[in-house]
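Per-entry structural report
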Amino acid sequence: LISGAIVDRMKFGAYCCFIGLWSLLVYVPMAHMVWGPGGKLFKLGALDFAGGTVIHMTSGISALVLAMLVGKRRLSSHEDTRPHNLPMTLIGTGILWLGWFGFNGGSAGASNGLAGSAFTVTHIAAASAGLVWCLIEWVHVKQPTALGFASGAVAGLVAITPASGFVTPSSAIIIGAVVPLIS
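Now for a look at the structure at hand. Starting afresh in each chain, residues are numbered from 1 along the sequence in its written order. With pLDDT at 70 or above as the cut-off, local features in this predicted model cover only qualifying residues; side-chain atom pairs require 80 or more to be listed or tallied, and sums for whole chains, interfaces and linings still use all residues. Derived side-chain values reflect all non-hydrogen atoms in the structure, with water molecules and hydrogen atoms excluded from consideration.

Focus: the packing of aromatic side chains
Note on aromatic pairs: each is described by the distance of the centres and the angle between the planes. In this scheme Phe, Tyr and Trp rings, the latter by its six-membered ring, pair at centre separations within 6.5 Å, and the angle between planes marks the pair as stacked below 30 degrees, edge-to-face above 60, and tilted otherwise. A full pass over the atoms with the stated rule returns 5 aromatic pairs. Ring geometry for Trp22 and Tyr27: centres 6.4 Å apart, planes at 35 degrees, overall tilted. Note on Trp100 and Phe103: the rings are 5.8 Å apart at their centroids and 80 degrees apart in plane angle, and the pair reads as edge-to-face. In this pair, Trp100 and Phe103 both sit in helix α5 (residues 86–106), 3 residues apart, roughly one turn of the helix. Classification of Trp100 as buried rests on a relative accessible area of 10%. Under the relative-accessibility criterion, Phe103 is labelled partly exposed at 32%. Only runs of H or I of at least four residues qualify as helices and only runs of E of at least two qualify as strands under DSSP, and these elements are numbered from the N terminus. A simple rule labels every residue: compare its accessible area, found with a 1.4 Å probe on the protein chains alone, to the largest value its type can have, and call it buried under 20%, exposed over 50%, or partly exposed in between.

Side note on the nonpolar core
Within soluble globular proteins, side chains that are nonpolar generally end up buried alongside one another. Here the nonpolar core consists of buried residues drawn from Ala, Val, Leu, Ile, Met, Phe, Trp, Tyr and Cys, with membership extended through side-chain atoms lying within 4.5 Å. Counting residues in each nonpolar core, the largest one holds 8 residues, listed as Ile2, Ala5, Ile6, Tyr15, Trp22, Ala63, Leu66 and Ala67. Within the residue set of this core, elements represented by two or more residues are α1 (2–6), α2 (12–35) and α4 (52–70). Only heavy atoms matter for contacts: two residues are in contact if any of them lie within 4.5 Å across the pair. Setting aside anything within four residues of it in sequence, one finds Ala63 in contact with Leu1, Ile2 and Ala5.

The values are spatial; any link to function lies outside them.
Spelled out as structure tokens, the structure:
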């Protein structure tokens, strides 16, 4: 998330230094606050099954702040910033979706019912989000797109992650349906 927010706007060496410092100053404390038995957010009842708070929220907020600090990309008004290779985007989405099963299902720590449930709701939320994104495109631009489906599916994967060990399939449909509206 962070690298995507600042691509072509920061030197690689500066980015490497930033990520090293960010890992120590942002990620590590948040991981301890959410997952540590004595962690402040853990004591407040925070539930984060597979890292949505620790990983996605911290990196998303950090990406936004960093993008604001480094400023806008210097593009001419006619430059197209859409993905230039749709087949590679779709292949990447498929690989990411497949890997996400291991990420969320593997967070159960065993091959058991919890892992199976996390696997199932991960798939349902991603599919639901991809479908709703296409419906939104259909309403707004009169044509759903493969890029839109991929965008929705990835948003659904991110949205279900912290809840994947705690929700039912019907809740996953709702989470998947709501996230494209927000995105």
